[in-house]
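# Notes for the structure review
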Amino acid sequence: MADAAKAGPALAQLLASIGACEAGHAMTVKGGAPPVRSRSDAEALQAALSAEHAAVYGYGVLGARLRGSLRQTAKDLWNVHRARRDQLVSILSVAPAAAASAYRLPVQVTSARSAAQLAAALEDGLVPAYVGLAGVSSPDLRAFAADSAQRACAWAARWRSRAGAGSPSEAFPGLPSAALSPVPNPVNDLQHAGNEASDKRR
């Protein structure tokens with residue numbers, strides 16, 4: 001989180017994605033998010049807010065199929081996502097995206113297992129939204145986004161474990177494919193070519 005706050009927007013996205021991957025493997029994240037004060041980058045904020053709206057709705061649906069400690073976990077995460085939704089609304093400088101009356105869920109919930117599968121899918125859906133938010137200009141908001149991406153990936157891993165599903169193979173969860181493509185740097189390329197020519201003359 002600290003590195004994401006210090007890095008530039010593009011590197012912060014990569015760091016957020018790597019952190020999310022590590023959190024998914026560790027399946028545990030502790031600590032709270034830093035204060036968020038940014039009023040910029042409304043589009044990325046709206047995307048994260050829309051993902052949180054869907055998560056709040058989805059947890060409301062799946063909770064009915066769970067019992068005991070799993071139901072309490074779902075309730076706790078429902079409250080977490082409501083709080084994150086409200087936090088995103090509070091920092092938007094434009095009218096926040098409204099929640100839909102209903103959402104098309106990626107998993108039909110008919111049992112405790114499918115409820116866990118849906119919970120994993122909801123958390124997975126939050127990762128790209130928060131990795132995208134990690135590319136904004138505000139350091140506080142980048143740290144908040146990196147933390148949120150890590151937590152979502154860790155929770156997704158826990159729910160997949162409950163559903164008996166394996167871990168995803170994605171090395172950089174939520175990172176846009178364009179961010180993984182090498183960007184040509186003419187100056188560095190010329191320097192590299194010059195160094196190779198110099199080595200050959202020696």
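Residues numbered from 1 in each chain as written. Predicted model: local features only at pLDDT ≥ 70, side-chain atom pairs only at ≥ 80, totals over all residues. Heavy atoms only, no water.

### Describing the nonpolar core
The test is simple: What we call a nonpolar core is a set of buried Ala, Val, Leu, Ile, Met, Phe, Trp, Tyr and Cys residues that are connected through their side-chain atoms within 4.5 Å. Burial classes: relative accessible area under 20% of the type maximum marks a residue as buried, over 50% as exposed, and values in between as partly exposed (1.4 Å probe, protein chains only). Elements are defined by DSSP. Helices are runs of H or I of four residues or more, strands are runs of E of two residues or more, and each kind is numbered from the N terminus. Every residue pair with non-hydrogen atoms within 4.5 Å of one another is taken to be in contact.
The biggest cluster of nonpolar side chains holds 29 residues, and the ones touching the most others in it are Leu45, Leu88, Tyr130, Leu133 and Leu141. Contributing elements (two or more residues each) for this core: α2 (9-26), α3 (42-62), α4 (68-91), α5 (112-133) and α6 (139-163). For this core, the leading source of residues is α6, giving seven residues. Leaving out residues up to four positions away in the same chain, Tyr130 has contacts with Ala48, Glu52, Arg84, Leu88, Phe144, Ala145, Ser148 and Ala149. Counting 16 residues, the second largest nonpolar core, distinct from the first, contains Leu77, Ala116, Trp155 and Ala163.

### So, the pattern of salt bridges
Threshold: A carboxyl oxygen of Asp or Glu within 4 Å of a side-chain nitrogen of Lys or Arg is what we treat as a salt bridge.
Here the structure, examined in full by the defined rule, presents four salt bridges. A salt bridge links Arg84 to Asp147; the shortest N-O distance between them is 3.2 Å. Here the residue Arg84 occupies a position in helix α4, and Asp147 occupies one in helix α6, the gap between them amounting to 63 residues. Residue Arg84 is classed as buried on the basis of its relative accessible area of 10%. Exposure remark for Asp147: the relative accessible area of 2% places this residue in the buried category.

### Points about the confidence of the model for the chain
Going by this rule: Residue-level confidence of the predictor, termed pLDDT, takes values from 0 up to 100.
In the predicted model, the chain carries a mean pLDDT of 81, and the fraction of residues at 70 or more is 77%. Ignoring residues within four places in sequence, the model shows residues 27-40, a span with pLDDT below 50, making 41 contacts including any to other chains.

### As for the packing of α4 against α6
How we decide: Note on definitions: angles span 0 to 180 degrees between N-to-C directions of axes, and those axes are lines fitted to C-alpha atoms, for helices only across the stretch in contact. Here is the rule for angles: anything less than 35 degrees is roughly parallel, anything more than 145 is roughly antiparallel, 65 through 115 is roughly perpendicular, and the remaining ranges are oblique. Left-handed describes a crossing in which the near helix is turned anticlockwise from the far one by less than a right angle; the clockwise case is right-handed. The nonpolar class holds Ala, Val, Leu, Ile, Met, Phe, Trp, Tyr, Cys and Pro. Asp, Glu, Lys and Arg form the charged class, and all remaining residues, Gly among them, are polar.
Where α4 meets α6, the axes come as close as 13 Å, and the angle between the chain directions of the two elements is 160 degrees. Judged on the interaxial angle alone, α6 and α4 are roughly antiparallel. As α4 packs across α6, the resulting crossing turns out to be left-handed. Counted together, Leu70, Thr73, Ala74, Leu77, Val80, His81, Arg84, Gln87, Leu88 and Ile91 of α4 and Leu141, Phe144, Asp147, Ser148, Arg151, Trp155, Trp159 and Arg162 of α6 form the full contact between these two elements. A class-by-class count of the residues in the contact of α4 with α6 yields ten nonpolar, four polar and four charged.

### What to know about the packing of α4 against α5
Relative orientation of the contacting elements α4 and α5 amounts to 25 degrees, with a least axis distance of 14 Å. Looking at the two axes, α4 sits roughly parallel to α5. When the axes of α4 and α5 are compared, the crossing they make is left-handed. Only Glu123, Leu126, Tyr130 and Leu133 of α5 make contact with α4, whose side of the interface consists of Leu77, His81, Arg84 and Leu88. Residues of the contact of α4 with α5, tallied by class, amount to five nonpolar, one polar and two charged.

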